[in-house]
Structures are given as structure tokens and as C-alpha cells.
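# A look at the structure
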Amino acid sequence: MRHIERVAVGWRTRLCVFLDIRTAPPSGGRRAVIGSCGERGATAGVWAMNDKDKAPEFTPYHHPAAGWGAARSVTEFLVREGELLDGPRAIVRMNHENGGFDCPGCAWPDDTKGLHLDICENGIKHVTWEMTRKRVGPEFFTAHTVRELSRWSDADLESQGRLTEPLRYDADSDRYVPISWPDAFALVGHALRTLDHPGQAAFYTSGRLGNEATFLYQLMARELGTNNLPDCSNMCHEASGRALQAALGTGKGTVDLKDWELTDALFILGVNAASNAPRMLTSLAEAYRRGAQIVHINPLIEAAATRTIIPHDFAKMATFRATRTGTMNLQPRIGGDLALIRGMAKAVLEQARTDPKALDTEFVERHTSGFAEYRALCETTSWEELERQSGLGQAEMRAAAQVYREADRSIISWCLGVTQHEHGVDTVREIVNLLLLRGNLGREGAGPSPVRGHSNVQGNRTCGIDHRPSDAFLDRLGEVCGITPPRAHGLDTVGTIEAMHRGEVTVFVGMGGNFALAAPDTPYTAAGLRKCELTVQVSTKLNRSHLVHGRQALILPCLGRTEKDNQAGGVQATSVEDSMSMVHLSVGMKRPASPHLLSEPAIIAGMARAALPHSATPWEDYVEDYDRIRDTMAQVLDGFEDFNRRVRLPLGFRIRQPARELVFRTPSGRAEFSAARLPDVVPAEGTLALGTMRSHDQWNTTIYSDNDRYRGIKNLRTLIFMNADDMRERGLGEFDEVDITSIAKDGSTRCLRRYKVVPYDIPRGCAAGYMPEMNVLCAIGDYSTQSDQPIMKHLKITVQASTGDSANS
Ligand SMILES: Nc1nc2c(c(=O)[nH]1)N[C@H]1C(S)=C(S)[C@@H](COP(=O)(O)OP(=O)(O)OC[C@H]3O[C@@H](n4cnc5c(=O)[nH]c(N)nc54)[C@H](O)[C@@H]3O)O[C@H]1N2
Ligand SMILES: Nc1nc2c(c(=O)[nH]1)N[C@H]1C(S)=C(S)[C@@H](COP(=O)(O)OP(=O)(O)OC[C@H]3O[C@@H](n4cnc5c(=O)[nH]c(N)nc54)[C@H](O)[C@@H]3O)O[C@H]1N2
Ligand SMILES: [Mo]
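Residues numbered from 1 in each chain as written. Chains lettered and ligands numbered in written order. Predicted model: local features only at pLDDT ≥ 70, side-chain atom pairs only at ≥ 80, totals over all residues. Heavy atoms only, no water.

### A short note on the overall build of the protein
Helix and strand content of the protein: 32 helices and 35 strands. Across the 809 residues in the protein, those meeting the buried criterion constitute 65%. When the accessible surface of the protein is split by element, carbon and sulfur atoms take 51% of a total near 27,800 Å². (Helix = DSSP H or I, 4+ residues; strand = E, 2+ residues; numbered from the N terminus. Buried < 20%, exposed > 50% of the residue type's maximum accessible area, 1.4 Å probe, protein only. Areas by Shrake-Rupley, 256 points an atom, 1.4 Å probe, with all protein chains shown as cover.)

In C-alpha cells form, the structure reads like this:
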């Protein structure tokens, strides 16, 4: 079996190369577009890019997701990055059950059936991006001042290649200059040792960091004495974690891929799977083939809601035959999901009056609490109100409810379209309410299934990155590691930025990621970073966060996940946890991009030793052999018993999920229904609700090109998708230039000028555009009071024809 697949890989790779002969490599010539912020008038803002020589195009996409379009896109990318030879070789080692490295892309789980080519277009791009042959060495930094680089587009910064050695900002020359690793650690150590109190430091994590490094990182912060551990999850699935914790006593989903294979109905809310979790397409196609119902709930009909040709289905690839990936599409208004789910629950409860089987009464009575109140709430909420708030008709809500009722087993899955809202927590809890009604929990093929983002963002939380740690976790950490962890809650992402402005956080360490661009209110975040005494970025590539820095600044380059991590104890592996709680090892195989790179555990240990010279923690021993870190983790973390052995099993191991076994660590010991008030999400007259999202060709703040294939867009990122009637009302035509003004909770306004408007199949009153450029529009105070998460999917905006002001060009 394996042999045949390998042959197929070879065939496919060759075909890709062949295809590329006819596709010219993308041309350069990009233009930075600097967004301005109306109120503050700051010129610091976004640095989007458009190919200046190419006219924007919009042609609705009618092809299946993945398939040959993906193959062609991959080939173009491999050529651009100069990785035609090594790229494909590495790709066959990705997500491999026997060794190999975990795809550094999304957190979708690996195939459990030993599929040897469990990869996707965007995973390939992401790996190739890391493995590029391009380098950005000291000569580059000698040639360019930071002021000059600040005018470059983000794509141009990242495309310089991999960082090769540690660098320190030199204010006199306004340049980054080389620094030795010992001196870099000494600088960090000195800054941390001389703080008035440890809470003046904040330690950010982007969800790429492996479990072992994660554990050391949080240990360092807590041994120093702070829980200031902001992470990308604060902008991502914080709402899911809080809601699931409150409802089920576990902050994670309860299902795994096997459940996806057994379920009768899938409800997919607020995720653009074809771009952001493309391996989900395989599961959707398989579900469709065996007759499962697949309901997509999204203001936009995304590519995963229609058809796909999955890349490892060679017969289908050869014959261009697509499989459907959806059976029903519902397009609620932005923020309308809570009303829609409640409408479904209302219909189920109505049906239960005549059909007792509509409800799982036994489950509800034995395992839940709060049902009567929830039922009363559903009954008293009128269909008119549900229609108004969801933006859907009663018939549509009833149709979805019927699919749910007729399915023996249902899974509800969601991503940012549900979480990045004021009422994200309430909405996730409403999802759980609906599941509980029919006992869709604790049995095969049923349950909640959040789609996590970064490849190890879930593992980061499991291994201690949490600004609100539980006492039980801190007790064990203290006991096992011999430290006295601080008890006061720390700062999250928004809290950290606000504290920088107050002068309360003066040292910022970014363990991966691109904080300056990923966080909301770009100019405000930039000003906060600039107020810091020291900013440290541990990175693989040059990005905006290196240029928006503190009085002192360091860039510390690290090994990527694809690279061999050689320590005194031999080649090391690190572990990661996917969206479905599977923990497995990842082993890099490539020669490091530079001999001067250190692994993330080594960098953390270096900083920790310098900051805590008398620490009893065996930092150096840990780095020699990561098995030692795992041995300690096994004692501290729930579900990590016998970690070193179990993580070496072919597919790793699954962390026990109490809620899956109907053990609920909630105050009542039962699964809790919630009874949230229905929020008013209908945009006020003249305003629109704006959701910011990713294009197909980007990874968060990394932009691969200006195209968004599945949405039919070419050569344009500074765009806003609008309903054609909303455009007509404003006298706007396709590609007309508009100014977008956001109105923050505190009434302040922010503006992006000269964006191009694109008519799109999106409900009236809704609009969409791309992050991170649009982060300028999200005020720092625009975070949810339920999750503290920036409400990046629901900004209140007005749009009018551009005044022609060229502030942002
Ligand atoms: N290739 C690639 N893969 C990625 C990433 C990437 O940037 N590139 N990022 C990774 C990360 S960190 C994350 S968190 C995930 C993000 O994965 P997604 O959640 O897919 O991310 P977004 O692009 O923000 O898209 C959100 C989706 O929500 C929909 N939406 C917006 N508002 C609403 C709403 O009110 N209700 C509903 N039901 N839907 C709504 C949008 O139409 C869009 O389809 O992807 C991960 N995977
Ligand atoms: N408006 C708006 N804003 C958003 C979102 C949105 O939907 N809308 N989504 C939010 C979400 S869900 C997220 S997760 C955040 C993303 O926020 P981040 O995780 O902070 O951002 P990324 O763009 O993923 O980070 C990319 C950088 O990570 C570094 N890097 C890559 N690989 C490695 C590695 O192996 N190790 C280390 N140390 N560094 C590495 C590279 O230098 C690269 O430039 O953005 C958030 N911001
Ligand atoms: Mo994310």
C-alpha cells in the first residue's frame, strides 16, 4: 500500500513541475499601503500590499475546492521559494505516523488510518515558506535602517527569507546589528532582573510553539513571578474555552476524527475550511459519500460548502470528478448564529410536545442542569425576534432543526465566525444547549468540535499558557517544580497592550507570532510596543514586530519545526496537540537554515538562566534531552501520565476528556444549560457589520499573494465585500473606491481609505474584508465583555464613496 502511494506522490510531483513550465513566476512590484487612523491621525497603521502593475479582478469561482487549482498554486509557490527539489521531499514526511514532522499549518488532526499523504495546498505552502532557501543575514541589516524597512510591505519583509543570527537594535545607527547568544541572554536577563516587579514583563505565545518549549516558557514566567502570558488564543478561541469550561467543565471539544466518520449530521459554523483547515474537506467528502447531512452556516457561502476534489484521491484528480461537501447552506447575518441555534432549539422543543423522541429526556434528566429555564426562554422568544436577529426565515431555521432532529448523532463544529464576537461565549454555550437537548455528548459520532487555529494552539493551553490558571494547576506546578507560582491572574493580549500604554509593562517577549500586526488597533498597539524598555521577538522570519520595537530590542532566530534539533542528548523531538486532543511527536528532518539558530527550548532556557541565576530548575539538563522536560510535564499535567512512552506510539495518544465520559467538572457536576438573553445584532440604520477574515493565500499576518482564489479575487487585498443592494443604496459600483469608518464602543472612529468595493453574496447589512490590514478599524476597547476577545468579526462601520484623500496610499 505504502509503495503505491509513494509512486503516486512521485507522479503527482512531476506533474506539478510540468504544469509550472507554463506558469510564469509571480512578478514583484508591490506597493505598501499605509492605513491611517482617523481619530489619532497616526501614520503608523497597516502595511498591505497590492501588485501595482496588475489590475484587480473578480470572477466568481465555480470549481471544486482543492483539486487542480490547488496543485497549480502549490507549484507556483514551490518555484517562487526555490524549493522544487527539497519541498516535495519534505512534504512526504509531513504528518507521517512513523516519525516526520507535524505540519506547522493548522490544527486539524492527522488522518488516523495511516494515510501517507495527509496534506493540503496551504500546509505545503506553509512548510515551504519555512524551508525557503532565502536568508536574511547581517549584511541585509547593514544595508537597511529600521526606518527604511518600516516603509516596506509585510510581504516584502517576510520574503527576505529566514533569519540567521541573533540581532540587537542599535539606536545610534537605527540598524539591527549582530549580537552573540550569551550577550543576548545577558541583556534579557538584566532587563528582567531589574524590574520593579515581575508583572512588568509580558510573555506572548503564538500557537506554533511545541509542548515542551511551552512548558518551559510558562515555568520561566511563573518562576519569575508573573502570570502575564498573553497568547494568540486571546484573539481566537478564548470564547470557546470559557464557554465549554462553564458548560462541560473542560475547555476543549469532546470529539475526534472517528466521531466525524460516524456522525449522521455535521453543522459547520463560521469557518472557511477550504482555506483554513483544508484537510477537513476529506472528512466532509467522506461524510457526504456515506449519506451524512452537512449544514454550512456562514454569511458567505465558502468553497468548502460546495464541492471538492481531495488531492490524495488520485482517481478523482485524474478524472476531474468532484464530491459534494454540503447538503444545506444557511446564511445568517453577522452575529446571527445565537438566534439561529435558538430557533433550532425552539423547533426541537415544539416538536417534542407531540413527538417525545425529539428530545433525549433521559439524558437531560440524568446529566444536565438548567433545562427548565432554557426551555422557558426558547418558548418565550418569538419567531419574529429570532428571524430579525438571525437574518433567516423561520422555515430555514425549522429545516435545519429537522436535519438535527432526524440525525441520531450530530456534531457541531465552529471557528472564528462564532468566537470573535461580543456574544461569542453565549453562542458557544447555545451550541452546547442544542447538543444537550438530544444527548449529543459522551457517545460516538456526537458532540462539540471547535476547529482550532495554529497547529499547537490547543497544546499551548494544555501545557500552561493561561493568564487565568487554575489553583489546582498552580499547586501541582509549585509542588513538582519547587517554585512558588504567583496566584494573581495575569494580563491577556488586550490587557498587555493597555498596560504598555500605562507604563506598567515594560518588557515584552514574543515567542513566535507577529504581535504588532495580529493584535487589534494597529497604531495603538504599535505605540504600546514603542513605549517598552525592551522587546524580544523569537522568530523565524523578519516581520513587522521587529520594526515596531522598544527602546532596546532583540531578534532571536529559532529553528523551525521542519528542522533537525540537535542537542547534547541527540536529535530531539517535540510534541504537539491537535484540535481533537491527540498528542504526537514531531521530528524535524531538514538541515537548519543557519548554524547559529537555537531551538525554542534552548532560547527559553538561556533567557531563564540569565533572568534567574539562582534557579534550582535544571534548565540546561532540560535542553540536553527533552525527555526530561516530558518527565516533569507528566507529573504536572492532567492526562500526561507516562508521557514519554505514550507519545511514541504510532499516532501518539489522546488526552482523556472527562466530559466525553459524562464526567462534568462543573459546580453542579452536570452539564449546564445556559439561558442567555438574545443580543441585538441588527446593524443600526446606515451602518454595516464588518467581519475581518483571511484570504486563501495568507497565513494570519503572512501574505503569500494578493489572490483569494475561492472567492474569485485576484491582485487585490484592500477590498471590502458588500451586498449589491447595500452598494446600490450608496451609489457604489464594483471596484469603486470607498472610505471605511469604524465606530468603536466608546464612540471613537477609525478610518481606512480608498478600499475597493466588491459585490458579493453576503446578507444585507454585512460586509467582510481581510485581516491584518483591517485591524486598524478594531479599537483596543472593542473586546467582548464575555471573553475579553477583540470582536474582530463584528465591527460597526459606515462606508461611503472615497473622498479621494490619499492618506493611505
Ligand atoms: N491557510 C491558512 N490556514 C489557517 C490560518 C491562515 O491564516 N491561513 N489561520 C489559522 C488560525 S490561527 C485560525 S484561528 C483559523 C481560522 O479559521 P477561520 O475561522 O476559517 O478564519 P477566518 O478567515 O477568520 O474566517 C472566518 C469565517 O467565519 C465567517 N463568519 C464571519 N462572521 C460570521 C458570523 O457572524 N457567523 C458565522 N457563522 N460565520 C461568520 C466568515 O465568512 C469566514 O468564513 O485558521 C487557521 N488556519
Ligand atoms: N482583525 C483580525 N485580527 C486577527 C484575527 C482575525 O480574524 N481578524 N485573527 C487572530 C488570530 S485567530 C490569531 S491566531 C492571531 C495570529 O497571531 P500570531 O500568531 O501572532 O501571528 P502569525 O501571523 O501567525 O505569526 C507569524 C510569525 O511567526 C513567526 N514564526 C513562524 N514560525 C515560527 C516558529 O516555528 N517559531 C517561532 N518562534 N516563530 C515562528 C514568523 O516570524 C512569522 O512572521 O491573529 C489574530 N488577529
Ligand atoms: Mo488563531
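Once you've had a look at it, read on.
### Observations concerning the site of ligand 2
Around ligand 2, the surrounding shell holds 31 residues, and the nearest of these are Y204, S206, E600, T701 and N775. With respect to ligand 2, the side chain of Q420 contributes an N or O atom lying 3.1 Å from an oxygen atom. Contact distances for ligand 2 include 2.7 Å between a nitrogen atom and a backbone N or O atom of A518. For ligand 2, whose unbound accessible area comes to 930 Å², protein coverage reaches 98%. Taken domain by domain, the makeup of the shell around ligand 2 includes at least three residues from each of domain 1 (4–53 + 687–801) and domain 2 (135–236 + 456–648). (Near = heavy atom within 4 Å. Polar contact = N/O pair within 3.5 Å; in protein donor to acceptor, adjacent residues only side chain to side chain. Domains from an automatic or database assignment.)

### Looking at the sheet that holds strand β7 (residues 167–170)
Spatial strand order, β8-β7-β20-β19-β18-β9: 6 strands in an open sheet with mixed pairing. The open sheet has two free edges, formed respectively by β8 (175–178) and β9 (201–205), since each of these has just one partner strand. Strand-to-strand, the axes of this sheet are offset by a mean angle of 20°, without reference to chain direction. Across 5 bridges, the pairing between strand β18 (residues 507–511) and strand β19 (residues 534–539) is parallel. Paired with F508 across the two strands is T535, which belongs to β19. (Pairing = 2+ DSSP bridges. Axes fitted to C-alpha atoms, helices over the stretch in contact; angles between N-to-C directions.)

### Concerning the site of ligand 1
Close to ligand 1 lie 29 residues, the nearest being N298, E302, D337, Q698 and N700. Across the complex, the protein chains shield 98% of the 920 Å² of accessible surface that ligand 1 would expose by itself. If you count residues domain by domain, the shell around ligand 1 takes at least three from each of domain 1 (4–53 + 687–801) and domain 3 (238–450).

### A few points about the confidence of the model for the protein
A residue-level look at the protein finds 88% of positions with pLDDT of 70 or above and a mean pLDDT of 89. A low-confidence stretch, residues 1–50 stays under pLDDT 50, and its non-local contacts, those more than four residues away or across chains, total 121 contacts. (pLDDT = per-residue confidence, 0-100. Contact = heavy atoms within 4.5 Å.)

### Some thoughts on the side chain of R342
Tracing the backbone shows R342 in helix α15 (residues 337–352). R342 gets classed as buried once you look at its relative accessible area, which sits at 0%. Residues contacting R342, with those up to four places away along its chain left out, are Y374, L377, C378, T381, L386, E430, A676, R677 and L678.

### Brief notes about helix α17 (residues 371–380)
Where α17 is concerned, the buried positions are F371, Y374 and C378. Buried residues of α17, viewed axially, fall in a sector of 65°; they line one side. Exposed residues pointing more than 90 degrees away from the buried face of α17 are listed as A372, E373 and T380. Contacts from the buried residues of α17 go to α15, α16 (361–367), β15 (368–369) and α21 (424–437). (Arc of directions from axis to C-beta.)

### Digging into the pattern of salt bridges
Side-chain pairs of opposite charge can arise whenever the charged atoms involved come near each other. Applying the stated criterion to the full structure yields 42 salt bridges. Two residues, E422 and K745, come together in a salt bridge whose shortest N-O distance is 2.6 Å. Taken together, the positions of E422 in the loop between α20 (416–419) and α21 and K745 in the loop between β32 (737–743) and β33 (749–759) put the pair 323 residues apart, joining distant regions of the chain. What makes E422 buried here is its relative accessible area of 17%. Judged by relative accessible area, K745 falls into the partly exposed class, the value being 47%. R476 is the partner of D638 in a salt bridge, and the nearest nitrogen-oxygen pair spans 3.1 Å. Residue D638 is located in the loop between α30 (626–636) and α31 (643–646), and its partner R476 is located in helix α23 (residues 471–481); the two are separated by 162 residues in the primary sequence. A relative accessible area of 49% places D638 in the partly exposed class. Several salt bridges share partner residues, and in doing so they unite D231, E238, R242, R461 and D788 into one network. (Salt bridge = Lys/Arg side-chain N within 4 Å of Asp/Glu carboxyl O.)

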